[in-house]
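Read off the chains here:
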Amino acid sequence: MSLALAHKRRIEAGGAVPVQAVAYSPASALDSPANAQKHLKLMESAMAVDLERISAINSREARQQLKRDELLPKYQDYVQRYRDSGLNYPNPVLMQVLVWLFDTAQFEHGLELAEFAIAQGQELPERFKRDVPTFVADEVIEWAEAEQKAGRSPEPYVSDLLPRVDGEWQLFERIPARFHKLLGLIALDREDWATAIGHFDRATELYPDIGVGTRRAAAEKALRRQQADETSTGTE
């Protein structure tokens, strides 16, 4: 029996006409939820292999280079296609890419992806035991404090993230306190005493044990001396 005749008889018998499924291929991987799940499984398998590669490397610098130069370019195209698809499902590959962006201090791309992940309600791999805002804030402040100690400016990332850390996101108080403390230290370095005092006061308000009392006292003393000098100059 020909396919056309079989089709005609099914219609005459009132039978449903079968719908041809969209064939899976990498090009059509995100064209439907079913294909997207198939492709995700393949990406997760590839990611598992690459995570093993990372764990076998002892050098932190070499691990970072592998993530930055090879693995991020490998997976970012998939992440972008997922974002463009309009789909929303738990995506461990996306979240691992997010982790790698912060591991390699690519904060602009990392923060953009973090906002997308937060909007979708994505969760980090279980080993992190933190939500996305806490992870982002922790990663940035750890990096920023190390940069400051090394004599390099961590700006503008600390200031740019502050409105989220101290306002938009619900975080353990010590985290935004660390941001204010660091911004106070940065202000001290440029002898902006009033700004330093403001950050130190906010840090103490959030987390009284943050440890800025001595520096605040020094900033207040310097501010009073500056104000006295300005007053003296103005009366001459």
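Residue positions are counted from 1 within each chain, in the order its sequence is given. Totals for whole chains, interfaces and linings use every residue, but because this is a predicted model, local features are given only for residues with pLDDT of at least 70 and side-chain atom pairs only at 80 or more, for both listing and counting. As a rule here, side-chain values cover all heavy atoms of the structure and leave hydrogens and water aside.

(A) Representation of helix α9 (residues 193-206) within the structure. Helix and strand assignments follow DSSP, with helices taken as H or I runs no shorter than four residues and strands as E runs no shorter than two, numbered in order from the N terminus. Helix span is expected to be 1.5 Å times the residue number reduced by one. Its 14 residues place the ends of α9 20 Å apart at the C-alpha level, agreeing with the 20 Å of an ideal helix rising 1.5 Å per residue. The buried label applies to any residue whose accessible area, calculated with a 1.4 Å probe on protein chains only, is under 20% of its type's maximum; exposed applies above 50%, and partly exposed to all values in between. Turning to α9, its buried residues are W193, A196, I197, H199, F200, A203 and L206.

(B) How the structure looks around unusual backbone geometry. Residue P156 follows E155 across a cis peptide bond; omega there is 10°. Position of P156 among the secondary structure elements: in the loop between α6 (132-149) and α7 (157-168). Positive phi is not limited to glycine here, since A105 has a value of about 60°. Structurally, A105 is set in the loop between α4 (92-103) and α5 (107-120). Phi is positive for E191, close to 60°, though the residue is something other than glycine. With respect to the helices, strands and loops of the structure, E191 is situated in the loop between α8 (174-189) and α9. Owing to a relative accessible area of 52%, E191 belongs among the exposed residues under this scheme.

(C) Seen up close, the packing of helix α3 (residues 60-85) against α4. Axis lines are fitted through C-alpha atoms, for helices just across the contact stretch, and the angle between N-to-C directions can take any value from 0 to 180 degrees. Two elements in contact, α3 and α4, have axes whose closest approach is 9 Å; the angle formed by their N-to-C orientations is 140°. With respect to their mutual orientation, α3 and α4 come out oblique. For α3 against α4, the interelement crossing comes out left-handed. The segment α3 lies against α4, with R60, Q64, K67, L71, L72, Y75, Q76, Y78, V79 and Y82 engaging V93, L94, V97, W100, L101 and D103. For the contact of α3 with α4, the per-class residue count stands at 11 nonpolar, 2 polar and 3 charged. Roughly parallel means an angle under 35 degrees; roughly antiparallel, over 145; roughly perpendicular, 65 to 115; everything else is oblique. Crossing handedness is defined as follows: a turn of the near helix away from the far one that is anticlockwise and smaller than a right angle gives a left-handed crossing, while the clockwise case is right-handed. For this analysis, residues touch if any pair of their heavy atoms sits within 4.5 Å. Polar here means any residue outside two lists: the nonpolar Ala, Val, Leu, Ile, Met, Phe, Trp, Tyr, Cys and Pro, and the charged Asp, Glu, Lys and Arg; Gly therefore counts as polar.

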